[in-house]
Amino acid sequence: MDVLERYEPLVDDPEAFYETCRRPLPTTVRANPIKAPVERVRRALDDEGVAWTASEWNPHVMTVETDFPGNTWANFHGWIHGQEEVSALPPVVVDPRPGERVFDACAAPGGKTTQLAALMDDEGLVVANDSNLGRLSALRSNAERLGVTNVAVTNRDARRFSLDPFGSEPFDRALVDAPCSCEGTVRKNPEVIDEWSQSHVEHVAGLQKGILRRAVQATKEGGVVVYSTCTFAPEENEAVLDHVLEAEDCRILPIDTDLETRPGVTEWDGEEYDPQVADAVRIYPHHNDTGGFFCAKLEVGG
Amino acid sequence: MSDEDVEGNDLDQNVSHRLDRVPNTATERTVEGRPSREEIVDWWQERFGIPPETFEGHTFWEKGAGKIWAYAGNLDSPIEAESLGMSVLRTRQEHWKPTTEAAQRWGEEATRNVIVLDRERARRFVAGEDQEIEWDGDWGYLIVAHEFAGGRAPLGVGLYLHGELRSQIPKGRRREI
């Protein structure tokens, strides 16, 4: 039995779910308005003979008819960035404004970081942290190619992140795009299925709780913290939220998106979770022809 | 005594993982050789005609000797970080050298020392090739661009010497397009 069958009780149409998980992902890119307006990006793709279709929920995200978007002029100029469609959701939910201070706790390789920067018109501060030094070089080169100048890159353990180097003021918003079991990326990385293990789920869930708690603590009262993963495992999603709702002063807000989503689950494997977790969204591959994803929006303070 | 101790005892030197904001003017300088904001902004104007207002929202920082970064805001100096904003310029050498990314981000504003290549030459340039080409202007570091998608689009930096344009696109950034 492969791990996807574990989630059969959560899925409305298991056959469609399995069938979509076996198919490769469409190739998608995000237009980068820091380097060029989206109209010019579209013209660039037209001039290069790359057919594109804008996504219905986000005009900057486009499906492109090429297997190698990295070898286009648009990419060389930093006008586009290869990014999976659902991975463009969390920064939109964070909804940062120009001039704000935003914490990106697990930032590498930087697709979401640079999208946050673009949503802020490249003004303010994104503290892009990652504990993995090797992955930071990808984050830095992506940020530079995309022309981002409002990002500070740090290499710390997010569970013990200190605000001291940045004036000790709490952040306006934070994104925790947590390390996870990644079954949602099966269409891109089929090996995640064989690598899955219950012990890894338990280990990584501890890490996720620690990182999300620290992000809530480091965000100001009334600020927003977004939690996202690319796993279907409730242990790494709703159970993490349940833990943090109990341990920290925060609540879950509904998410408004045109993507087709399902609510967070309030029961799994004999456990019951805080009913607020139903306001989180689950994204299954067969609903939008994307990867699998989970996203929740928290507000800090009562 | 270890190297670390040497660095720790001399706070006015460049330390890796630490970015120091550059002084506004040369008279405010406390670290020898560190360029000032005024010198940096003037250099972009003198060399490429990029107006000083372009950098109004940015502060400049030095990390390692001579490597200048542009950050889109204000922070107290110094900052302990792997990077802050974008690496834009290499100073503390006879001829200051802009980075590929700075040329791409601000090169559209340049009015001089810009060489515009046709598509085939642009391809060779981004693949990292040096090429013979006629150029009546200054020798040294030029912004290299091509016409693309309705306007001039800067590609990066070339070093022009003796009738040859040497691509300065870093290895990891080169592409066969």
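All chains use their own residue numbering, which begins from 1 and follows the written sequence. Think of it this way: whatever chain is written first is A, whatever ligand is written first is 1, and the rest follow in order. Residue-level local features of this predicted model are given only where pLDDT is at least 70; pairs of side-chain atoms are given and counted only at 80 or more, and the full residue set underlies all totals for whole chains, interfaces and linings. Note that the side-chain values use all heavy atoms of the structure and ignore hydrogens as well as water.

Some words on the overall build of chain A
Using the following cut-off: A run of H or I in DSSP becomes a helix once it reaches four residues, and a run of E becomes a strand once it reaches two; helices and strands are each numbered from the N terminus. The quantity called the radius of gyration is restricted to C-alpha atoms. Its globule counterpart is 2.2 Å times the number of residues to the power 0.38. Accessible area is worked out with a 1.4 Å probe on protein chains only. A residue is then buried under 20% of its type maximum, exposed over 50%, and partly exposed in between. Contacts between residues were defined by any pair of non-hydrogen atoms, one from each residue, lying within 4.5 Å.
A tally of regular secondary structure across chain A gives 10 helices and 15 strands. In summary, chain A has a C-alpha radius of gyration of 19 Å against a globular reference of 19 Å for 302 residues, a match within 12%. Taking the principal axes of its C-alpha atoms as reference, chain A extends roughly 55 × 50 × 35 Å. Per-residue burial over chain A gives 60% buried out of 302 residues. The long-range fraction of contacts in chain A, counting pairs at least 24 apart against all pairs at least 6 apart in sequence, stands at 74%.

Comments concerning the interface of chain A and chain B
Operational definition: By definition, the buried area sums, over both parts, the 1.4 Å-probe accessible area that each loses when the two are put together. Should a side-chain nitrogen of Lys or Arg be within 4 Å of a carboxyl oxygen of Asp or Glu, the pair is scored as a salt bridge. Two N or O atoms count as a polar contact when they lie within 3.5 Å, although within protein this holds only if one can serve as hydrogen donor and the other as acceptor, and sequence-adjacent residues are included solely when both atoms are side-chain atoms. Residue type decides the class: Asp, Glu, Lys and Arg count as charged, Ala, Val, Leu, Ile, Met, Phe, Trp, Tyr, Cys and Pro as nonpolar, and the leftover types, Gly among them, as polar. In this description, strands pair whenever DSSP reports at least two bridges between them.
Tallying the contact residues gives 37 residues for chain A and 39 residues for chain B. Counting each side, the surface lost to burial between chain A and chain B is near 2900 Å², with a carbon and sulfur contribution of 57%. Our enumeration of links across chain A and chain B arrives at two salt bridges. Two residues, Glu108(B) and Arg40(A), come together in a salt bridge whose shortest N-O distance is 3.2 Å. Inspection of the chain A/chain B interface yields 19 residue pairs in polar contact (both at pLDDT 80 or more). Only α2 (38-47), α3 (73-76), α6 (133-145) and β7 (151-154) of chain A provide two or more residues apiece to the side of chain A that touches chain B. Top contributing element to the side of chain A that touches chain B by residue count: α6(A), with five residues. Of the residues belonging to the side of chain A that touches chain B, the class tally is 15 nonpolar, 11 polar and 11 charged. As judged from the two bridges shared by β7(A) and strand β5 (residues 83-84) of chain B, these two strands associate in the antiparallel manner. Note on β5(B): the bridge partner recorded for Val153(A) is Ser83(B).

Notes on the sheet that holds strand β7 (residues 97-98) of chain B
Sheet strands line up and pair through hydrogen bonds in the backbone, either parallel or antiparallel. Residue and element names in this part refer to chain B. Overall, antiparallel pairing links the six strands, which are arranged β4-β1-β2-β3-β6-β7 in an open sheet. Each of the sheet's edge strands pairs with one partner strand only, and the pair in question is β4 (79-80) and β7. Pairing between strand β2 (residues 59-62) and strand β3 (residues 67-71): four bridges, direction antiparallel. From the neighbouring strand, Thr59 faces β3, where its bridge partner is Tyr71.

Looking at the nonpolar core
Residue and element names in this part refer to chain A. Convention followed: Take the buried residues of types Ala, Val, Leu, Ile, Met, Phe, Trp, Tyr and Cys, join any two whose side-chain atoms come within 4.5 Å, and each joined set is a nonpolar core.
Among the nonpolar cores identified, the biggest contains 59 residues, and Leu212, Tyr227 and Leu241 are the most heavily contacted of them. If near-sequence neighbours (up to four positions away) are discounted, Leu212 is found in contact with Val176, Val225, Tyr227, Val240, Leu241 and Val244. Of all hydrophobic cores here, the second largest spans 35 residues; its members include Met120, Cys180, Leu259 and Ile283.

Section: the pattern of salt bridges
In this structure the tally under the stated criterion is 28 salt bridges over all chains. Of the charged contacts, one joins Arg262(A) and Asp12(A) as a salt bridge, the two residues approaching to 2.9 Å between their closest N and O atoms. Placement of Arg262(A) in strand β11 (residues 262-263) and of Asp12(A) in the segment before α1 (14-22) is noted, with a sequence separation of 250 residues between them. Residue class for Arg262(A) comes out partly exposed when judged on its relative accessible area of 25%. Measuring nitrogen to oxygen at the nearest pair gives 2.7 Å for the salt bridge that ties Asp95(A) to Arg97(A). A relative accessible area of 41% places Arg97(A) in the partly exposed class. When salt bridges that share partners are traced, they join Arg18(B), Asp20(B), Arg34(B), Glu62(B) and Arg92(B) into one network.

Some details on the domain arrangement of chain B
All names here are of chain B. Filter applied, for reference: Domain start and stop points were drawn from an automatic or database domain assignment.
Each assigned domain of chain B is listed with its residue range as follows: domain 1 (3-96) and domain 2 (107-173). Its C-alpha centre places domain 1 at a distance of 26 Å from the equivalent point of domain 2. Opposite the 10 residues of domain 1 that make contact, domain 2 presents 11 residues. When the buried area of domain 1 at its contact with domain 2 is split by residue, Arg47, Phe48 and Ile50 rank highest and sum to 62% of it. Joining domain 1 to domain 2, the criterion identifies one salt bridge. Note that Asp138 is salt-bridged to Arg47, the shortest N-O span being 3.8 Å. Inspection of the domain 1/domain 2 interface yields seven residue pairs in polar contact (both at pLDDT 80 or more).

Details of helix α9 (residues 238-247) of chain A
Looking at α9(A), one finds that the buried residues are Glu238(A), Ala239(A), Val240(A), Leu241(A), Val244(A) and Leu245(A). Packed against the buried residues of α9(A) are α8 (198-217), β9 (219-229), β10 (250-253), β14 (281-283) and β15 (293-300) of chain A.

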